[in-house]
Amino acid sequence: MWYFVVPEVVFGQDALSHLAELKGKTAFIVTDKNIVNLGLIDKVKEQLAQAGIQATIFDEVEPDPSLQTVQKGVALVNQYGPDLIVAVGGGSVMDAAKAMRVEYERPDIKAEEINPFISDLGLGAKCKLVCIATTSGTGAEATFVVVLTDTADQRKLSLINREIVPDIAIVDPEMARAMPPQITADTGIDALTHAIEGYTCAWKNDFADGLCIRAIQLVFRYLPRAVRNGDDMEAREKMHNAACMAGIGFVNALTAMAHAAGHSLGAVFHTPHGRAVGLFLPYTIEFIGEVREELWAEIAYAIKLEVPQGKTAAAILAQTIRELAREIHQPVSLKEAGIPLDSFNKAMERLIDNVMADGSLIVSARIPNVAETERFFNYTYEGKSIDF
Ligand SMILES: [Fe+2]
């Protein structure tokens, strides 16, 4: 048996107006300064006011949010005592809000102690969590994972528990309209990586598959348009839906080797998450290759790719992802991503260690050994297709 966990999803044009129908007296809005400056919090407050809900704002969430920021937020939430926590932002903001919510409702559990084995968290008694996505990538509005950084210890914590899933995910394309092209591309390719890894990892399942395969189709069709013209609201809406669907898909299956390699690179070179995992994606498809050939063929079929005789679906799909990356101005090798060769060589041992220790690696359909991982990194540096 297995579980499939999903929040209530409100999507499409004007989805934000769902806030005006919520019940409650006070809301604690978690966000960052950029979102405030874009005027998005005013829109949120306007809708909440229509429901008679007063709001206060915590706008101090930084990219890769720290435990320390979560603690600061928790102190304020406790003081304010809201019946709603409303996260407005990208993955960092939403993850920080999920962690704050746990500590607010369960003062006996610290955010860093969240793990899959705690049952009966009993969330929802004191407050509801509403997540409003302003990027189309992480799918964090619908997932039950939280990534936090312990700045004191210089380590990243990946925390997961089905019960921390938000109560409501609001997927309104208008909230993503202001995203600049670079972030649209970085986050969009993250969504594609979630969908493809969710569809092909060892924990894939029928429920996740349906969402993943549709998300893959939507990303190929609409991501280039959303990058080219941020005001193309049809493309924005489709990408916003795709990211949420891919989020639900991957979190109920898991992400795999492209995420393990991407996390590793990000920890050493601070490459943005989506850019890093998207760069590795075609190489991991080639590496996994025939072990998942039937699934690569299914994906190729879904996006209407021809697989000529003598070629594998893995090779054709990897090539098509690189073409998509080129179209949206993403690097397709570590060299192109601007990583200097000497720092890359110096970091090799750490890069390998990070991959080996990453939780996403265990569900990869083919797991590399140390020597293969080193070769894999060298190939990705040069932009050479994997042939081993
Ligand atoms: Fe990701």
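Residues numbered from 1 in each chain as written. Predicted model: local features only at pLDDT ≥ 70, side-chain atom pairs only at ≥ 80, totals over all residues. Heavy atoms only, no water.

Draft legend 1. Expanded view of the nonpolar core. Among the nonpolar cores identified, the biggest contains 62 residues, and L192, I196, I216, F280, W296, L334 and F377 are the most heavily contacted of them. Here this core takes 11 residues from helix α6 (residues 206-228), the largest share from any one element. Other than its neighbours up to four places away in sequence, I196 contacts I216, L281, I285, W296, I299 and I321. Residues V77, A87, I109 and C131 belong to the second largest nonpolar core, which totals 38 residues. (Core = buried A, V, L, I, M, F, W, Y, C linked by side-chain atoms within 4.5 Å. Buried < 20%, exposed > 50% of the residue type's maximum accessible area, 1.4 Å probe, protein only. Helix = DSSP H or I, 4+ residues; strand = E, 2+ residues; numbered from the N terminus. Contact = heavy atoms within 4.5 Å.)

Draft legend 2. Structural detail: the domain arrangement of the protein chain. Under the domain assignment used here, the protein chain contains domain 1 (8-176) and domain 2 (181-382). Computed over C-alpha atoms only, the centres of domain 1 and domain 2 are separated by 27 Å. Listed by partner, the interface residues are 20 residues for domain 1 and 19 residues for domain 2. Summed over both sides, the interface between domain 1 and domain 2 buries roughly 1600 Å², with carbon and sulfur atoms accounting for 68% of that surface. For the domain 1 face of the interface with domain 2, the top three residues by lost area are S136, G137 and P173, together amounting to 32%. One can count 0 salt bridges joining domain 1 with domain 2. At the boundary of domain 1 with domain 2, the tally comes to 4 residue pairs in polar contact (both at pLDDT 80 or more). Its residues assigned to classes, the side of domain 1 that touches domain 2 shows 9 nonpolar, 8 polar and 3 charged. (Domains from an automatic or database assignment. Buried area = accessible area lost by both parts, 1.4 Å probe. Salt bridge = Lys/Arg side-chain N within 4 Å of Asp/Glu carboxyl O. Polar contact = N/O pair within 3.5 Å; in protein donor to acceptor, adjacent residues only side chain to side chain. Nonpolar A, V, L, I, M, F, W, Y, C, P; charged D, E, K, R; others polar.)

Draft legend 3. Representation of the coordination of the iron ion in the model. Around the iron ion, the protein supplies D190 (OD), H194 (NE2), H259 (NE2) and H273 (NE2) as donor atoms, at distances of 2.1 to 2.2 Å. Around the iron ion sit 4 donor atoms; with metal-centred angles ranging over 86 to 166 degrees, the donor geometry is irregular. When the donors of the iron ion are listed by position in the chain, the intervening gaps give D-x3-H-x64-H-x13-H. Residue D190 is located in helix α5 (residues 181-200), and its partner H273 is located in helix α9 (residues 273-288); the two are separated by 83 residues in the primary sequence. (Donors = N, O, S within 2.8 Å, 3.2 Å for Na, K, Ca; no water. Tetrahedral: all angles 85-135°; square planar, octahedral: opposite > 155°, others 65-115°.)

Draft legend 4. Region of the structure containing the layout of surface pockets. If you add up the space inside the second largest pocket, you get close to 170 Å³. Forming the boundary of the second largest pocket are E286, G289, E290, E293, K311, T312, A314, A315, I316, Q319, S385 and I386. For the lining of the second largest pocket, the leading source of residues is helix α11 (residues 313-327), giving 4 residues. Its residues placed into classes, the lining of the second largest pocket shows 4 nonpolar, 4 polar and 4 charged. (1 Å grid on protein atoms, 1.4 Å probe; cavity = no way out; pocket = protein on both sides within 12 Å on 5 of 7 lines; lining within 4 Å. Points joined across faces, edges and corners; volume = space filled by probe spheres on them.)

Draft legend 5. Structural context of the packing of aromatic side chains. All told, the structure shown has 11 aromatic pairs when counted by the stated rule. Residues F28 and Y80 carry aromatic rings whose centres are separated by 6.5 Å and whose planes lie at 50 degrees to one another, so their mutual orientation is tilted. Residue F28 is located in strand β2 (residues 26-30), and its partner Y80 is located in helix α3 (residues 67-80); the two are separated by 52 residues in the primary sequence. Aromatic side chains F287 and F376 sit 6.4 Å apart centroid to centroid with 75 degrees between the ring planes, which places their arrangement in the edge-to-face category. On the criterion of sequence distance, the pair formed by F287 in helix α9 and F376 in helix α13 (residues 370-382) is long-range, its members being 89 residues apart. The class of F287 is buried, set by a relative accessible area of 1%. For F376, a relative accessible area of 1% corresponds to the buried category. Three or more aromatic residues link up through ring pairs in this structure, and these residues are F280, F287, F376, F377, Y379 and F388. K384 extends its terminal NZ or CZ atom over the ring of Y379, reaching a point 4.4 Å from the ring centre. (Phe/Tyr/Trp six-rings, centres within 6.5 Å; stacked < 30°, edge-to-face > 60°. Lys NZ or Arg CZ within 6 Å of the ring centre and 35° of its normal.)

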